[in-house]
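Residue-level structure breakdown
So you can see what is in the structure, the chains are spelled out below.
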Number of protein chains: 2
Amino acid sequence: MPPEPRAVRGRPRAFNEAEVLDQAIALFSAGGFAAVSIADLVAVTGLSAGSLYKAYRDKEGIFAGALDRYIAERDRRLGDIAAGAPGGRARITALLRLYAGLSQGEAGQRGCLVVSGITGLDQLGATAAVLRATLARRHAMLAALVAEGQRDGSIATTEPPEGVADLLLALLQGMRVVGKGGRFPEDGEGFVRRALRLLD
Amino acid sequence: MPPEPRAVRGRPRAFNEAEVLDQAIALFSAGGFAAVSIADLVAVTGLSAGSLYKAYRDKEGIFAGALDRYIAERDRRLGDIAAGAPGGRARITALLRLYAGLSQGEAGQRGCLVVSGITGLDQLGATAAVLRATLARRHAMLAALVAEGQRDGSIATTEPPEGVADLLLALLQGMRVVGKGGRFPEDGEGFVRRALRLLD
DNA sequence: CAAATTAGGAAATGAACATTCCCTAATTAC
DNA sequence: GTAATTAGGGAATGTTCATTTCCTAATTTG
């Protein structure tokens, strides 16, 4: 059930919104909200400032659009990965592997929109709540996976799932910070294996 | 052996450098390099722009001065804490407790200069190397503590100390990110206790 | 085909920005 | 006491910034 082809009045958008938002994601991830200027966005998107403002209202609107897309894409990928592995422990393992890949080498140095967004939280208005909610949602997801693993016997710890999720959440965000600094280890598998001790 | 009172030519500095740098640390920690303007620094320090430029050459110089002070202070505190606890495991425990305190509540939301600096790494010139070196130094310190714990029997894991240090480093930086988002748990002791599983 | 509506973009606007200039003040060297 | 040197700060400088304005283009509605 894809939405109707379209039937909105007026001249249609000529730019590819997904592409533009991906370019914005790259810029904001690398430098944070304050470090990106409208001129930068104009340069990478090829759009004019006027068009950007018509489409997104202001700079925070562009950031918010980029963040929504980033989060949707990341949530989708997290969901797929979790669904594709059997049992709580395997799901968390797959998730750690994903983040290890995102944190390594050049990819890692491109940064994370959630981390740079949180760093610049004070500069954001309504969008700050989206970032906080994202942390909360990730935490809930991790806690659910831990609880699942405790039920299915793949996770031995008797600590409360929310407490273990606190650790995993911090670890995942920290991997991105270290990765941005270019210091995430090459041996991602070893990192993941050692991290799993948190579940024992 | 404190340095000679002084014997430099010319008019002496009238402002308290430690105080000014602490104010700069607060600003840059909260928002990152790009989010802080010279006007902001003028406002909180009470100095004029001209004086700031005479003392620190440019905006990155102010950031670099703040970062040096921040790192020196943090390293001193880490060293004290590590020295004050008996054995590798207890030292790492104390260190995790320190970071839990830094990440909680309002203090956590004030941010971390290292994290916000790394987020804005691309905007920094020579100072970027200082930040990367800081990550490397913290990693080395953690690895040394793990190795010590393995020797004294307080740390059971047979994983390489550097590998365990990778985890601890990411965890510590991630605690600050989650703390900036206002989502670090109130039960810091529980967090620390569960984190110590990484050493078993 | 005309009216209404929305998008695109070039140029203008005014504020904020980092940085420099220049004059005055305080100190040391001789 | 005079020269040399460094700090402090007010005001200027030229740039970059986010945002708006306004005109043109493409589409739907009737």
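Residues numbered from 1 in each chain as written. Chains lettered and ligands numbered in written order. Predicted model: local features only at pLDDT ≥ 70, side-chain atom pairs only at ≥ 80, totals over all residues. Heavy atoms only, no water.

Glancing now at the interface of chain B and chain A. Contacts between chain B and chain A engage 41 residues on the former and 41 residues on the latter. Summing both partners gives a buried area of about 3700 Å² for chain B against chain A, and 65% of it is carried by carbon and sulfur. In terms of surface lost to chain A, no three residues of chain B exceed T119(B), R194(B) and R197(B), which account for 18% of the buried area on that side. In this assembly, chain B and chain A are joined by six salt bridges. Between E159(B) and R193(A) there is a salt bridge whose closest N-O contact spans 2.7 Å. Along the contact surface separating chain B from chain A lie 13 residue pairs in polar contact (both at pLDDT 80 or more). Elements that contribute at least two residues to the side of chain B that touches chain A include exactly α1 (17-31), α7 (113-119), α8 (127-152), α9 (161-180) and α10 (188-195) of chain B. Per-element tally for the side of chain B that touches chain A: the top contributor is α9(B), with 13 residues. (Contact = heavy atoms within 4.5 Å. Buried area = accessible area lost by both parts, 1.4 Å probe. Salt bridge = Lys/Arg side-chain N within 4 Å of Asp/Glu carboxyl O. Polar contact = N/O pair within 3.5 Å; in protein donor to acceptor, adjacent residues only side chain to side chain. Helix = DSSP H or I, 4+ residues; strand = E, 2+ residues; numbered from the N terminus.)

Glancing now at the protein's contact with DNA strand D. I38(A), Y53(A), A14(B), S48(B) and S51(B) are the nearest of the 25 residues found near DNA strand D. Near the protein, meaning within 4 Å, the atoms of DNA strand D are sugar or phosphate in a fraction of 67%, with bases accounting for the rest. Take Y53(A): an N or O atom from its side chain is 2.6 Å from a phosphate oxygen of DNA strand D. The separation between a phosphate oxygen of DNA strand D and a polar main-chain atom of F15(B) is 3.4 Å. Residue assignment for the surface near DNA strand D shows that the elements contributing at least two residues are α2 (38-45) and α3 (49-56) of chain A together with α3 (49-56) of chain B. Each residue belonging to the surface near DNA strand D can be placed in one class, and the counts come to 11 nonpolar, six polar and eight charged. (Near = heavy atom within 4 Å. Nonpolar A, V, L, I, M, F, W, Y, C, P; charged D, E, K, R; others polar.)

Turning to the pattern of salt bridges, a few remarks are in order. Opposite charge on two side chains makes pairing possible when the charged atoms of those side chains draw close. All names here are of chain B. According to the stated counting rule, one finds 26 salt bridges over all chains in the structure shown. For the salt bridge of D22 with R69, the shortest nitrogen-to-oxygen distance reads 2.8 Å. With a gap of 47 residues between them, D22 in helix α1 and R69 in helix α4 (residues 59-84) connect regions that are remote in the sequence. A residue is classified by how much of its surface remains accessible, and D22, at 37% relative accessible area, is partly exposed. The salt bridge involving R76 is made with E73; its shortest N-O contact spans 3.1 Å. In this pair, R76 and E73 are both assigned in helix α4, three residues apart and thus about one turn of the helix distant. Assessed through its relative accessible area of 46%, R76 is described here as partly exposed. On the basis of relative accessible area, E73 is assigned to the partly exposed category, the value being 37%. (Buried < 20%, exposed > 50% of the residue type's maximum accessible area, 1.4 Å probe, protein only.)

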